[in-house]
Amino acid sequence: MRDIGIFDGAGEILALDGISAGYRRRPVVHDVRLGPLPPASITALVGPNGAGKSTLLKGLAGAMPVRGRAMLGSRDLIAMTPRDRARLVAHMPQALPDRVALTVLDAVIGALRAGPAGDPPPGTPKGDAERAVAVLDRLGITALALQPLDTLSGGQRQMAALAQALVRDPRVLLLDEPTSALDLRHQYRVMATVRDLARERALQVIVVLHDLDLACRWAHRIAVLGQGRLHAFGTPAEAVTPRILHDVWGVAARVDARDDGRVRVEVEGLA
Ligand SMILES: Nc1ncnc2c1ncn2[C@@H]1O[C@H](COP(=O)(O)OP(=O)(O)O)[C@@H](O)[C@H]1O
Ligand SMILES: [Mg+2]
């Protein structure tokens, strides 16, 4: 299967092994083994509601306890100190922070100062404010810089939350449904920016998406989670099949694999 533009330069492989996570007396993610995820690649984490996608990302981000190993090169993200992990991993949660009167710019600066961040690439402006402005510019939302978060639309708040994750210059970027409230133009802008950043900075991106067409369009790898277990992992054509759509989502669907390696899904009914 052809890979869609995986960058074969610097960067480290990410591999999850035996990852389990859950809430009090409620195991949710069971023994997930995933990878290796190539450097500078985008992996879409897909699956039905309640499959455990957000729980898995929260565990990897250090926002809740998790068992297992998440190897970035030779380093285990789970075993390292929270400070070390904060330098490597940034997480855009699905639930955006409560509406606060902070401006977008202040919120992004605040995210940068919240803990140790990664090293910015050479040529990045030095000051925190300049770093924040550069990220807003990259996302095309400088016009929002001085707007209070509590005056933004859902989609605008999503863009601001993405800026808060990106400004930390992580090695691993975990995005939980970053495009769910975005219009087509902003969806495209977000996915294209994330893909370009993944390449430029050899980032690993794991992104939860509900839209399988969007996932197949942008991700190099697809990981299918159902009831807390990994059901499929591979290129879009390998992972998104009628059988998986039937078993995991309970739908009857047609899958068209196109010549360029991309995949289109058409749901025809309930299984
Ligand atoms: N804070 C919580 N406390 C207890 N159970 C939770 C909590 N958050 C999520 N869950 C449960 O964990 C399961 C997986 O949730 P989640 O990871 O949010 O799924 P997904 O992101 O795939 O929709 C669901 O059954 C959900 O009800
Ligand atoms: Mg979720």
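Numbering of residues starts from 1 in every chain and runs along the sequence as written. As they are written, the chains are lettered A onward and the ligands numbered 1 onward, keeping that order. Where totals are concerned, whole chains, interfaces and linings use all residues; where local detail is concerned, this predicted model gives features only for residues with pLDDT of at least 70, and gives and counts side-chain atom pairs only at 80 or more. Water and hydrogen atoms were dropped before computing side-chain values, which therefore reflect all heavy atoms in the structure.

In the annotation of an unreviewed UniProt entry, the protein is listed under the name ABC transporter related protein and assigned to Tistrella mobilis.

### Brief notes about unusual backbone geometry
Of the consecutive residues Gly 35 and Pro 36, the connecting peptide bond is found in the cis state with omega at 5°. Mapped onto the elements, Pro 36 comes out in strand β2 (residues 26–37). Unlike most non-glycine residues, Arg 25 shows phi in positive territory, near 60°. To qualify as a helix, a DSSP run of H or I must reach at least 4 residues; to qualify as a strand, a run of E must reach at least 2; elements of each kind are numbered from the N terminus. Relative to the assigned elements, Arg 25 resides in the loop between β1 (14–23) and β2.

### Comments concerning the pattern of salt bridges
Any Lys or Arg side-chain nitrogen found within 4 Å of a carboxyl oxygen on Asp or Glu counts as a salt bridge. For the structure on display, the rule yields 12 salt bridges. When the shortest N-O distance is used, the salt bridge between Asp 196 and Arg 195 registers 3.5 Å. Relative accessible area decides the class of each residue, using a 1.4 Å probe on protein chains only: under 20% of the type maximum gives buried, over 50% gives exposed, and in between gives partly exposed. According to the relative accessible area criterion, Asp 196 is partly exposed, its value standing at 27%. Arg 243 serves as the salt-bridge partner of Asp 247, at 3.2 Å between the closest nitrogen and oxygen. Taken together, the positions of Asp 247 and Arg 243, both in helix α9 (residues 242–249) and 4 residues apart, correspond to about one turn of that helix.

### Examining the side chain of Ser 20
When you line up the elements, Ser 20 lands in strand β1. Ser 20 sits in the buried class, given a relative accessible area of 13%. Once residues lying within four places of it in the same chain are set aside, the contact partners of Ser 20 are Val 29, His 30, Asp 31, Val 66 and Arg 67. Two residues qualify as a contact provided that any one of their heavy atoms is within 4.5 Å of a heavy atom in the partner residue.

### Description of the coordination of the magnesium ion (ligand 2)
The rule for donors is simple: N, O or S, within 2.8 Å of the metal, or within 3.2 Å if the metal is Na, K or Ca. Water isn't counted, so a site may look like it is missing partners. Looking at the magnesium ion (ligand 2), one finds its protein donor set to be Ser 54 (OG) and Gln 94 (OE1), positioned 2.0 to 2.1 Å from the metal centre. Linking Ser 54 in helix α1 (residues 53–61) with Gln 94 in the loop between β6 (89–92) and α3 (104–113), this pair joins segments that are 40 residues apart in sequence.

### Things to note about the sheet that holds strand β5 (residues 75–76)
One bridge is not enough; two strands pair if DSSP finds at least two bridges between them. Overall, antiparallel pairing links the 4 strands, which are arranged β2-β1-β4-β5 in an open sheet. Two strands close off the open sheet at either side, each with one partner strand: β2 and β5. Judged from the 6 bridges that link them, β1 and β2 form a sheet pairing that is antiparallel. Bridge pairing links Leu 16 to Leu 34 in β2.

### A short note on the site of ligand 1
Near residues are defined by distance, with any heavy atom within 4 Å of the molecule or strand qualifying the residue. Inspection of the region around ligand 1 gives Tyr 23, Arg 26, Val 28, Pro 48, Asn 49, Gly 50, Ala 51, Gly 52, Lys 53, Ser 54 and Thr 55 as its neighbouring residues. Whenever a nitrogen or oxygen atom comes within 3.5 Å of another N or O atom, the pair is scored as a polar contact, on the condition that within protein one atom can donate a hydrogen and the other can accept it, and that pairs from neighbouring residues in sequence are kept only if both atoms are in side chains. Arg 26 has a polar side-chain atom sitting 2.8 Å from an oxygen atom of ligand 1. Within the contact set of ligand 1, an oxygen atom lies 2.9 Å away from a side-chain nitrogen or oxygen of Ser 54. In isolation ligand 1 has 560 Å² of accessible area, and contact with the protein removes 63% of it. Elements supplying a minimum of two residues to the shell around ligand 1: β2 and α1. When grouped by side-chain class, the residues that make up the shell around ligand 1 number 4 nonpolar, 5 polar and 2 charged. For accessible areas, the Shrake-Rupley method is used with a probe of radius 1.4 Å. Any residue's cover is judged against the shown protein chains and nothing else. Charged means Asp, Glu, Lys or Arg here, nonpolar means Ala, Val, Leu, Ile, Met, Phe, Trp, Tyr, Cys or Pro, and polar covers whatever is left, Gly included.

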